Amino acid sequence: IVIRKDPKSLSSLYHIMEDKELGRGKFGTVCKCKEKATSRILAAKTINIKRPQDRKEVENEIDVMRHLQHPRLLQLYDAFDDGTNMILITELVAGGELFERVIDDEFILTENVCKIFMRQICEGVEFMHTKSVIHLDMKPENILCVTQSGNRVKLIDFGLARHYDPAVEVKVMFGTPEFVAPEVVNFERITPATDMWSVGVICYILLSGLSPFMGDNDAETLSNVTQAEWDFNDESFDEISADAKDFITKLLIKDPAKRMTAKDCLNHKWLKQAKTVAAAKDSNKALSKVKLKRFVIRRRWQKAVNAILALRRMGASIGVAGK
Ligand code: ATP
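Just so it is clear, the model here is predicted, and its values are computed rather than measured.

K.L.:
When you look at the site of the ligand in this model, what are you seeing that I'm missing?
P.N.:
In the vicinity of the ligand, 24 residues are found, and the nearest of them are Lys26, Phe27, Lys45, Glu91 and Asp157. At 2.9 Å from a nitrogen atom of the ligand is found a main-chain nitrogen or oxygen belonging to glutamate 91. In this structure, an oxygen atom belonging to the ligand sits 3.5 Å away from a main-chain N or O atom of glutamate 141. When the free accessible area of the ligand is taken as 620 Å², the share hidden by the protein chains comes to 94%. Among the elements that make up the shell around the ligand, the one with the highest residue count is strand S2 (residues 14-24) (three residues). Here the residues of the shell around the ligand are counted per class, giving nine nonpolar, five polar and 10 charged.

Here is the structure:
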């Protein structure tokens, strides 16, 4: 996939359905779109380019996605740069965010179902890591369901992802406080293990509805992360198997070198049984979703607040707000 620069090519090949918004992030708006030649429905992420740096970042996202052809990872179809916006055409992942699906009243959440989701997440991460890509933004909002009823998921948003070269020391200063690994907070070297920490946090939340490092504000959350202290004391964990707890325990380790790799996760006894009937039988009790619902509602709010703050900053920079 090459980035097309001819301004007419986008509208001649695709029709972006601006009224069919799928989601909105810090960087872009995602809408449904139709490939004119085939009538295939895809997704278009439009990112407004304000600084040369923005273009570099989207070029990086495209470059990373080019290397990642796998059923558990969002597939890139086409890419455009019209000077003002960069547009990424990707496959449509129609089932919505995993956590939104899981809290639906119709959905029965069991440990076994969590296992099926965690296995797929680890498969996606494992493929990424074998291609020497680190995602660096693993969080529930970036795990989407393929369809409205099935149990397949895909990882999305490679906006912060980067190629990993063990010979080069890379440090980063971004991410979402609740999910970010201690080495990021401490501005130490990042490795594929950085994603595995976040996988551990996601698993902890999926099983209990509790966010293990959440503080009253970002500074407190980050401080909790660097201490890497957490426990299974809450009653939500009473129902959870020892294998699931062992899985989390081997990911939420401060020393990145001691964490399970994605491959280790797939070989861990908890995930290995993901398809066996026996496992389904002994852990089929429905888990309470009360706390998970609270978690999802809080994240929705946070997203809305962040969007308002971003708008304010934008307003301030063009001189219309900020007083
Ligand atoms: P963030 O602020 O999380 O970094 P972003 O600006 O990089 O976001 P994405 O995370 O790629 O943007 O997309 C924003 C939202 O749009 C996602 O959380 C998801 O709900 C939706 N979305 C993105 N890509 C697709 C897709 N291919 N199919 C369906 N929905 C999508």
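K.L.:
Any chance you could explain helix H4 (residues 111-130) here in plain terms?
P.N.:
Each full turn of the α-helix corresponds to 3.6 residues, which orients residues three or four apart in the same direction. Given a rise of 1.5 Å per residue, 20 residues ought to cover 28 Å, and the 28 Å separating the end C-alpha atoms of H4 matches this to within 8%. Counting buried residues along H4, 18 of its 20 residues qualify, which places the element largely inside the surrounding structure. Residue serine 132 follows H4 closely and has a positive phi angle near 60 degrees.

K.L.:
When you look at the nonpolar core in this model, what are you seeing that I'm missing?
P.N.:
Within soluble globular proteins, side chains that are nonpolar generally end up buried alongside one another. Core analysis: the largest hydrophobic core is formed by 72 residues, its most contacted members being Met118 and Phe247. Residue contacts for methionine 118: discarding those within four places in its chain leaves Val199, Ile202, Cys203, Leu206, Phe247, Trp270 and Leu271. If you look at the next biggest cluster of nonpolar residues, it comprises 10 residues, including Tyr14, Ile16, Cys33 and Phe80.

K.L.:
I would appreciate a short explanation of helix H6 (residues 193-208) in the present structure.
P.N.:
Between its first and last C-alpha atoms H6 spans 23 Å; for 16 residues at 1.5 Å apiece the expected length is 22 Å, and the two agree. The buried count for H6 comes to 16 of 16 residues, which makes it a mostly enclosed element. Downstream of H6 by a residue or two, glycine 209 has a phi angle that is positive, lying close to 80 degrees.

K.L.:
Where do I start with the sheet that holds strand S4 (residues 41-48) in this structure?
P.N.:
Backbone hydrogen bonds are what pair the strands of a sheet, in a parallel or an antiparallel way. If you walk across this open sheet you meet the six strands as S1-S5-S6-S4-S3-S2, and the pairing is mixed. The sheet terminates laterally at strand S1 (3-4) and S2, the two strands that pair on one side only. Sheet contacts for helix H2 (residues 52-66): S1, S4, strand S5 (76-81) and strand S6 (85-91); angle to S6, the most-contacted strand, approximately 20 degrees.

K.L.:
Before we go on, may I ask you to explain unusual backbone geometry in this structure?
P.N.:
Positive phi outside glycine occurs at serine 132, with the angle close to 60 degrees. Its location among the elements puts serine 132 in the loop between H4 and strand S7 (133-134). On the basis of relative accessible area, serine 132 is assigned to the partly exposed category, the value being 31%. For leucine 136, which is not glycine, the phi dihedral falls at a positive 70 degrees. Position of leucine 136 among the secondary structure elements: in the loop between S7 and strand S8 (143-145).

Rules used in this analysis
- Residues numbered from 1 in each chain as written.
- Predicted model: local features only at pLDDT ≥ 70, side-chain atom pairs only at ≥ 80, totals over all residues.
- Heavy atoms only, no water.
- Near = heavy atom within 4 Å.
- Polar contact = N/O pair within 3.5 Å; in protein donor to acceptor, adjacent residues only side chain to side chain.
- Areas by Shrake-Rupley, 256 points an atom, 1.4 Å probe, with all protein chains shown as cover.
- Helix = DSSP H or I, 4+ residues; strand = E, 2+ residues; numbered from the N terminus.
- Nonpolar A, V, L, I, M, F, W, Y, C, P; charged D, E, K, R; others polar.
- Expected span 1.5 Å × (residues − 1).
- Buried < 20%, exposed > 50% of the residue type's maximum accessible area, 1.4 Å probe, protein only.
- Core = buried A, V, L, I, M, F, W, Y, C linked by side-chain atoms within 4.5 Å.
- Contact = heavy atoms within 4.5 Å.
- Pairing = 2+ DSSP bridges.
- Axes fitted to C-alpha atoms, helices over the stretch in contact; angles between N-to-C directions.

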